[in-house]
Every structure is written in structure tokens, then in C-alpha cells.
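Chain and residue survey
Listed below, chain by chain, are the residues.
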Amino acid sequence: MYTKLSESVYLGMCHKIGTPKVVAFRRDIVDILELLENQGHVWRSMRSGSDREGFRLHGSDVDTMYWSPNHRVIWDFSQSEYYNIHRQRLILCDSSESPAGFTLLWLPLERALKIVLSSCVRMNGGLYISSSKYREITHTLLSPDDTIHGPCSSGTHGSLEFDSAYCFVSDFWPPSAASWIDRCHSWPPPHVVNDIVRNGCHFVAIGHKLGNHEDNEWRISFSQAEYKLVYSMNHTQFLTYGLLKLFLKEIINNALGDEDKLLCSYHMKTAVFWAIQQNTLPQWCPQNLLSGFWVCFKLLLKWVYKGISPNFFIPENNMFLSKIHGQAQTSLFRRLHGLYEKGIALLLHSPSIRSSIIDVLCNPRLTVCTDEHTLISEAEFDVELFVEIDRNDALQTSDQQNCMKILHTIEQLIYSPLTQYQAVILQKRTATILQRTAFILHNMYTNIGVNKQMYIADKMSCHMLKLAAKFGCISDMLYIAMYYYKTLRYREALSVVEMTKVKLAQPYLMYIYMYVDRERYTEAVGGQSWSTKIRQAVAHDIRLHNKKCYINELLPEQQSALQNRTPTLYIPVFVMLHFLEFLCYRHIDTTLSQAALDELQVLVHHDQGLFILDVSWEILGICQQMAGNLQAALYSYQQSLRQEPFHKILTATTQRIHELQF
């Protein structure tokens, strides 16, 4: 029975968290895009935390670390020989007065970027970078609309929460973590250990609450090492970690106030690391999933009882020291021990896990198959893959030079060993960059106004957009139509709209985040390459980067969103289709223009929740106003205000209403 319970929970967790292949492509996609995103930027970045590790749990945030590549932290002066001190600003660690896992950062040559020098304080005659000042200054300059949370600036974009940590990097492994290397006998394997040590560590802007210099100290961050460790887990170990995260969220912390939530996801991850390395469980396999969970739970219980949670890399760093002690520690232990006494039945309190356990309890003869080929169908896998590609395809740069650098990097990567998932995300990213570059070129040479250059730029833009349509999804064809409309070629735009309409009408269409008929999809494109599928059967929302004008009629909305730090408008593909159709026919045939408006109105009014966004109602209102139906336009703008302010276009909507009323 216990084996079947474990297998059933394994199956349920695969559906909740992802099968091995699903988790693999999430990681592959993030890895390759991180390489692209670090081309030509002043700041280097690295995604970390659950998102980087391969989780896509509801409510999880996206953690990103940023640092200047021109600053490097060293542990002693002898390491300075590896750098050109005229190009690199060197920072020296001073851990003599700091608790384990923390350090002061000293500028021995007193040379650094202005943002760093502005964060410095004098201590014992030396110039030290204050973590609290640096955190405050980077927040004010780079994330003013966010809130400070620990070492991070926290904000939201739509329903997505994100944390941004501005930090420093060292190419060297911390001496205080040297003992970790010697501990790695059975796990992780030597090549992972070598990779981790070779890539050094980071320093995040927060000090120890009980340290001598809390406002000026920096915490040593092993985020890069941690995601590499998670990557080296087998899938049962990874699901054990996921099970602990759900256990924390849905059982331990359920109904507790924020001030009472003493344990965090990091403690769960640390427990899994220790359990794997100490060989607590002889075999991590689906049949032992619950045994693995129980081993980690008992370890957590032991830590809380003793008031000691040793950091995995620097065990002397007790992560409970300033938070879990006294009455809070006693109360937490009682709560956990009460759960421990329930045995594995405690997992029945988790909505995410309960059904998997009940299935076996109600049907002891149930046969559970944990083979990956039976866990997820081809269509379901493709949905996961294309959603992941889409959520990672938001390109923020609006600079032509950066676009060309990224294209050059993609060209080089094509000849490198790539996974099949990385190949398809590069295909989609190429289409996105070509689209962005096409509109950058057009706007650039339109402003210059030189006829010959405008002609050449136009030819190049058209070529890039057509090339992008060959690489990208069905919906990418509409960028050609937008460009034709912007350059007054209404009949050409309508021709592209009609071709797109035919492709979007296919019964096997996968409209990302919205719907797909799995049977028809499999019949039509099953067994074909993802490159073919993405071009023939996939559509997504249209993205308008708000620093560039695509359609003049939407410029107020783009400017409004940009003022509110929303970089992109996401327009449902069918809304954009009818919008372009309406705009083009206004210059050719008013009857057909009205027909397009009627179709748009039906779509927005009766879509059963698929297209009701603030921007959808906004576009309907714009069309109605242009057609002279001012009462209907006013109603649509008011409906736009009633929607969730995903795009933050309130200023534009309010202005349009004001124009109608006066």
C-alpha cells in the first residue's frame, strides 16, 4: 500500500509540477535565454529561485539577480593578478568581524561606478560599500515603483510577482565554504562540484540582524550553486522538494499570518540538499517518494527542536539564529510535532496532494504507472512547451545595436550543440528580434526623412517581417499587416489579414493560454517537429513594445502604459485581426469596415472571458469612436476601466472619455 501511495503521489506531483521532460525544457529555455539577454547590457542578470529550478507553481514569483560586470569581488589581494585593474573595479572581502555567511565589502583602490561610490561609508579609515545604502539607491534609481523586501525590490506585472536583487559577483569560491567541497563524496557528482566552485558566488545587499555591522554587511549568496544542485537531482528528489514546498504552503503556513510564517521555501530546499548528501534514503525513486518526504520532514523537525538550521554550504551559518528562538520556536515545534503524529495522513490536508492519496485508499488494487510516456500526451506536452516559450519571449530591448548583437549570438549558437527545446526557442526568439528590428528601422528612418534611406529601410523591414513570419507562429503574420497599415499599404495589409484569418480558423489551432482541441491537433500535426508545429498550428497574443509605435491609433495607450512602467501591450490575436481589418477597410470600403467592427463587437461582448481585457474594450471603443458611434464608444471605454488594470492604460482611457464628453 505504501509503495502504491508513493507512486500515486509521484503521478499527481508530475501533473502538478511537471514530468522530467517538461522540467528539462523549462530549464533549457531559461539557460539559453539568459545567455542571449546578457548580450550588450550594462547589467548582467541571472534568474534564480523556484522559477530557475523548473517550478511553475501558482503564486510563485520570478527572482532575478543583477550585477555590474565591471566590478569583481576578491577574497585576498593575490587574486587581483587575474584582472586588469584599469578596467575592473576590485572589491575586497573583509569577513573578520562578520557572522558566518556574511562579509563587509571594501574598496581598497576607492575606484568604482558612481552608483557604488554613492553607497559607501568610511569605517576604520577604509571605504566600504554599505548594503543598506546600495539597496536603497538601486531601488530608487532602477525600481522606484517597487517595494523593498529583504535584499530585493519586489513588484508585479499583471498577475506575475517578481523580485530584483542588485548584487556583486565573485569569480572565486568563498574560503568559508571550502569544507563543502570535501563533503561532496556521493552527491553532487565531481563535475557538478567543479562547475559550482569554478563559477564562484554572489553577494546580496542584506546584513545579519545580530551582526556588528547589519547596515553595511553583505550576505554571501549561493543562488547559482543551488540551481546547479537542483539540476543534478533525479526527478524523485526534485518532486520531494516540490512536495515540501506544497507542504509548507498548504499545510504548515495555511491560515497563519505573515508574522507567524517562520519557515520558508529555502529551509525546505536546504533539508533536501542535506538529506540527499547524507545518504539518508538508499534509493530515491517513485516508490520511495513519501519515504523521502518523511526523511526531510523529520530533519526539519529536528532543526526546529534544536533551533539550528545549518546552511548547506557554510554549516556554521545557523539560518534560524535571528528568527526561530524562544516562544516562536516552541510554538512552531508544537505545530510541526502535531503534524508528525498524524503520520503520512497529514498530506490529506493538502488540496494539491489529497486526491492522489484518496485514489489509492479508495481503490487498493489501483495500478499506477510512472513511466513518462504515459504521464502526458503529445498535445499536453506541446501546450506546456509553447506556453513556456511564449512566457519567455518578452524581449525588452528597443535598441537596434542590442538587437543585432542578439541576432549575431543566435547565429553563433546555431552551430553549437543545442537541445531540441533550445533550438525551438531560438527559432521563436529570432522571429521576435526580426520584428522588433523592422519597426526600429522604420521609425528611425521615418524620423530622418531621407528618401533613399527610407526606401532601403522599408525594403529591409519588409524582408525581416516576412522572414519572421516563416520562423514564428501564425499570429506573427499580423506584424506584416501592421507594418503595411503603418506605411499606408492597406490592400497589402488586408491580404495578409485574410491569409492569417484562414490559418487561425483551422480546427487544430493551439491558441496559447486559451484553448486547443487536443484530438484534432494531434491528428493534424502529431509526430511532426516542434519547428513545424509552431509555424503551422500555434498562435499567441500580439505584443506591442511600448517604446515603439506600431499603430498610431494605439499610441496614447502605449504611452499611458509606459508611464506606469508597463513595457508591453498584450493584444488578443483575434482582437488585433479585426482591428486591422477595420482600420484598413476605412480607407477602401466603409461597408466592409462596419462589418469588421461588427465582428469585433461580437467578439469582445460575447467571448465568455477569453478576450475581455482592458485593452480589448479599449480597441473596440477606438473603432466605435472612429466610426462615429460615440455612445457605444463611451460604453466600451467605461468597460475598459472596469476590467483588471493589467496594462495600466487608465490615463489614456480617461482622456478618451473626457474627449467624448466635452
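Shown above is the structure to which this text applies.
In this report, the structure presented in the accompanying data block is examined. (Residues numbered from 1 in each chain as written. Predicted model: local features only at pLDDT ≥ 70, side-chain atom pairs only at ≥ 80, totals over all residues. Heavy atoms only, no water.)

1. Observations regarding the side chain of histidine 267
Under the convention used in this document: Here a strand is any run of E in DSSP of at least two residues, a helix any run of H or I of at least four, and the numbering for each starts at the N terminus. The buried label applies to any residue whose accessible area, calculated with a 1.4 Å probe on protein chains only, is under 20% of its type's maximum; exposed applies above 50%, and partly exposed to all values in between. Any two residues whose heavy atoms approach within 4.5 Å at even a single point are treated as in contact.
Its place among the elements puts histidine 267 in helix α10 (residues 265-277). Exposure remark for histidine 267: the relative accessible area of 5% places this residue in the buried category. Setting aside residues up to four positions removed in sequence, histidine 267 forms contacts with Leu262, Leu300, Trp303, Ser309, Met319 and Phe320.

2. Some points on a nonpolar patch on the surface
To keep things clear, this is the line we draw: Think of a patch as exposed residues, more than 30% relative accessible area, with no salt bridge, where like charges cluster within 9 Å and nonpolar side chains (Val, Leu, Ile, Met, Phe, Trp, Tyr) cluster within 5 Å. The protein chains shown are the only cover counted for residues, whose accessible areas, like all others here, come from Shrake-Rupley with a 1.4 Å probe. Definition used for salt bridges: Asp or Glu carboxyl oxygen within 4 Å of a side-chain nitrogen of Lys or Arg.
Taken together, the side chains of Tyr455, Ile456 and Met460 make up a nonpolar region of the molecular surface, amounting to roughly 320 Å² of accessible area. Tracing the backbone shows methionine 460 in helix α18 (residues 451-471). Overall, the relative accessible area of 42% leaves methionine 460 in the partly exposed class.

3. Section: the pairing of strand β1 (residues 44-48)
Remember that side chains alternate between the two faces of the sheet whenever the strand is regular. We apply this condition: Here the rule is simple: two strands pair whenever DSSP picks up at least two bridges between them.
Most of β1 is tucked away, with 4 of its 5 residues classed as buried. Bridging between β1 and strand β2 (residues 62-67) involves 5 bridges; their strand directions are antiparallel. Each bridged residue has a counterpart across the sheet, and for arginine 44 the counterpart in β2 is tryptophan 67.

4. A few points about the pattern of salt bridges
The full count for this structure, using the stated rule, is 27 salt bridges. For arginine 47, the salt bridge goes to aspartate 51, with nearest N and O atoms at 2.6 Å. Aspartate 51 matches arginine 47 in its accessibility class, with the two residues each being buried. A salt bridge links lysine 428 to aspartate 393; the nearest nitrogen and oxygen atoms lie 3.2 Å apart. Here lysine 428 is found in helix α17 (residues 420-448), whereas its partner aspartate 393 is found in the loop between α15 (378-391) and α16 (400-413), with 35 residues between them in sequence. Take lysine 428 and aspartate 393: they sit in the same class, and that class is buried. Each of Asp390, Asp393, Lys428, Arg429, Asp476 and Arg543 takes part in a single network of salt bridges with overlapping partners.

5. Side note on the environment of serine 309
Structurally, the position occupied by serine 309 is in the loop between α11 (289-306) and α12 (326-341). Judged by relative accessible area, which is 0%, serine 309 ranks as buried. Sequence separation of serine 309 and methionine 444 is 135 residues, and the distance between their C-alpha atoms is 57 Å. The residues touching serine 309, leaving out its near neighbours within four places in the chain, are His267, Trp303, Asn317, Asn318, Met319 and Phe320.

6. Let's talk about the pairing of strand β12 (residues 201-204)
The two faces of β12 match: Cys201 and Phe203 on one face and His202 and Val204 on the other face are all buried. Alignment of strand β11 (residues 168-170) against β12, held across 3 bridges, turns out to be antiparallel. Considered in β12, the bridge of serine 170 is made with cysteine 201. Note that β12 and strand β13 (residues 218-221) share 3 bridges and pair antiparallel. Across the sheet, residue phenylalanine 203 finds its bridge partner in β13, namely isoleucine 220.

7. Points about the packing of aromatic side chains
One pair of aromatic rings is described through two measures. These are the centre distance and the angle between the planes. Cut-off, in case you're wondering: Centre distance within 6.5 Å is the pairing criterion for rings of Phe, Tyr and Trp, where only the six-membered ring of Trp is used; planes under 30 degrees apart are then read as stacked, over 60 as edge-to-face, and the remainder as tilted. A ring is considered to have a charge above it if a Lys NZ or an Arg CZ atom is located within 6 Å of its centre and within 35 degrees of its normal.
Counting across every chain of the model gives 44 aromatic pairs. Note on tryptophan 106 and tyrosine 128: the rings are 6.4 Å apart at their centroids and 25° apart in plane angle, and the pair reads as stacked. Taken together, the positions of tryptophan 106 in strand β5 (residues 102-106) and tyrosine 128 in strand β7 (residues 126-129) put the pair 22 residues apart, joining distant regions of the chain. Ring pairs connect the aromatic residues Trp173, Trp180, Trp187, Phe222, Phe273, Trp274, Phe312 and Phe313, which therefore count as one cluster. Note that arginine 183 overlies the ring of phenylalanine 312, its terminal NZ or CZ placed 5.1 Å from the centroid. When the ring centre of phenylalanine 55 is taken as origin, the NZ or CZ atom of lysine 245, which lies over that ring, is 5.1 Å away.

8. Looking at unusual backbone geometry
That bond from tryptophan 187 to proline 188 is cis: its omega, -5°, falls within 30 degrees of zero. One can find proline 188 in the loop between α6 (178-183) and α7 (190-198). Of note in the backbone geometry, leucine 488 takes a positive phi value of approximately 70° without being a glycine. Secondary-structure assignment places leucine 488 in the loop between α19 (477-486) and α20 (490-504). Classification of leucine 488 as exposed rests on a relative accessible area of 59%.

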